[in-house]
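Structure assessment
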Amino acid sequence: MELPDFMSYASKFSQADFVEKIARIAKRAGAKLVYAALILYYTLQSDKISAANKAMIIGALGYMISPLDVVPDAIPIAGLTDDLAVLLFVLKKVWTDVDPEIQENARQRLSKWFDDDEIDEIKNLFGKEE
């Protein structure tokens, strides 16, 4: 899958829209997508991240929030695959800036929406055991 120009979606990002969308789609999206989105969201709030990486994160989260993307979210199963691809692409780019505390905060938030079996998905976040 070729990634879209997710940076054009930066204007779609807002904290309120992010929280609303994650809460609404959490179960349908799966723990991996939600975990990646939460890590990016919490990393965005860090003062240890560069402006360029913040811009990339805002673009990726804006893409996730927007209902108008390459594969519309309303399409069952496939609708969120492009969102996950964009989130994982950006997460890999900024991974060295992600503190263990941020990862733990994201895991704790996941426990509000997912049971332990579903949370096990995040062990394979990038296609290998974390």
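Right above here is the structure, for reference.
Note that the structure is a prediction, hence the values are computed from the model and not measured.

What about the environment of Asn105?
In this structure, Asn105 sits in helix α5 (residues 100-110). Along the backbone, Asn105 and Tyr42 are 63 residues apart, and their C-alpha atoms lie at a distance of 8.0 Å.

Side note on the packing of helix α3 (residues 51-65) against helix α4 (residues 81-94)
Running from N to C, α3 and α4 point in directions that differ by 165°, and their axes come no closer than 9 Å. Looking at the two axes, α3 sits roughly antiparallel to α4. Here α3 runs over α4; the crossing is left-handed. On α4, the residues that touch Asn53, Met56, Ile57, Ala60, Leu61, Tyr63 and Met64 of α3 are Asp82, Asp83, Val86, Leu87, Val90, Lys93 and Val94.

Looking at helix α1 (residues 15-29)
At Ala23, α1 shows its maximal bend, which comes to roughly 40°. Of the positions making up α1, those classed as buried are Phe18, Lys21, Ile22, Ile25, Ala26 and Ala29. On the buried face of α1, the contacting elements are α2 (31-44) and α3. Positive phi shows up at Gly30, right after α1, with a value of about 95°.

What counts and what doesn't
- Residues numbered from 1 in each chain as written.
- Predicted model: local features only at pLDDT ≥ 70, side-chain atom pairs only at ≥ 80, totals over all residues.
- Heavy atoms only, no water.
- Helix = DSSP H or I, 4+ residues; strand = E, 2+ residues; numbered from the N terminus.
- Axes fitted to C-alpha atoms, helices over the stretch in contact; angles between N-to-C directions.
- Parallel < 35°, antiparallel > 145°, perpendicular 65-115°, else oblique.
- Left-handed = near helix turned anticlockwise from the far one by under 90°.
- Contact = heavy atoms within 4.5 Å.
- Bend = angle between axes of the 7 residues up to and from the residue.
- Buried < 20%, exposed > 50% of the residue type's maximum accessible area, 1.4 Å probe, protein only.

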